[in-house]
Amino acid sequence: MPVIPVRRWSGAVGALVLATVAIVAPAGPARAAVGCAVDYTATIGSHTGVNTPPTNWRVNGVACVTDGEPPTVIADPTSDSVPEGTGAGFRVRLSHPPAEAAYLGMTMRGTGGWVSQPVMLRFTPTNWSSWQGFAVGSVQDANTVDDVVVFTLSFPGYLSDTVTFTQIDDD
Ligand SMILES: [Ca+2]
Ligand SMILES: [Ca+2]
């Protein structure tokens, strides 16, 4: 992991505040920042304090992570069974805050008849960690096939996630 030195920070004993930080990134093309959590240790006189890494740290506009994983769309559950003619659903959120609000991209691929809400889920720098629900329904069909549909959930700059629903056919 590259180490990017913090050139300047300021504070006052008794009210230590990380007021201004200048980050000098190595020259070269922008790359997804992985594992760029920031730790610092401050030693002032006889006092030593260690911070907790910020959750909204970004490098080159890309959200960093504190656990070594890249920003990702998180769906739950990622698979489920749906009795024919009934409903199910999933919930989704982001692993890290985005730089700006955007709509979740959603595509469906599979077989059989499925219905879903005519809504778009939007994530912002403030609601990114809150689960948002999405309902899906299996349509009654005349065949005896356990149809399957896969939802692919995408967000700009994030790894996608998928949710697979398998119909439990009742014919
Ligand atoms: Ca059927
Ligand atoms: Ca079927």
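Residues numbered from 1 in each chain as written. Chains lettered and ligands numbered in written order. Predicted model: local features only at pLDDT ≥ 70, side-chain atom pairs only at ≥ 80, totals over all residues.

### A short note on the nonpolar core
- Formed by 16 residues in total, the largest nonpolar core has its most connected members in Val73, Ala75, Val92, Leu94, Leu153 and Phe155.
- Counting only elements with at least two residues in this core, the list comes to strand S5 (73-76), strand S7 (87-94), strand S13 (148-154) and strand S14 (161-168).
- Not counting residues within four places of it along the chain, the set of residues in contact with Leu153 comprises Val73, Ala75, Val92, Leu104, Gly105, Met106, Ser160, Asp161 and Thr162. (Core = buried A, V, L, I, M, F, W, Y, C linked by C-beta atoms within 7 Å. Buried ≥ 20, exposed ≤ 12 C-beta atoms within 10 Å, placed from the backbone. Helix = DSSP H or I, 4+ residues; strand = E, 2+ residues; numbered from the N terminus. Contact = placed C-beta atoms within 7 Å.)

### Quick look at the environment of Arg93
- Along the chain, Arg93 falls in strand S7.
- Distance from Arg93 to Gln132, taken between C-alpha atoms, is 6.5 Å for residues 39 residues apart in sequence.
- For Arg93, the contacting residues outside a window of four places in its chain are Ile74, Trp128, Ser129, Ser130, Trp131 and Gln132.

### Examining the sheet that holds S5
- Spatially, S5-S7-S12-S10 is the arrangement adopted by the four strands of the open sheet, whose pairing is antiparallel. Of all the strands in the sheet, the pair left with one neighbour each is S5 and strand S10 (114-116). Pairs of neighbouring strands in the sheet enclose a mean axial angle of 30 degrees, with direction left out of account.
- Judged from the four bridges that link them, S5 and S7 form a sheet pairing that is antiparallel. Across the sheet, Val73 pairs through a bridge with Leu94, a residue of S7. (Pairing = 2+ DSSP bridges. Axes fitted to C-alpha atoms, helices over the stretch in contact; angles between N-to-C directions.)

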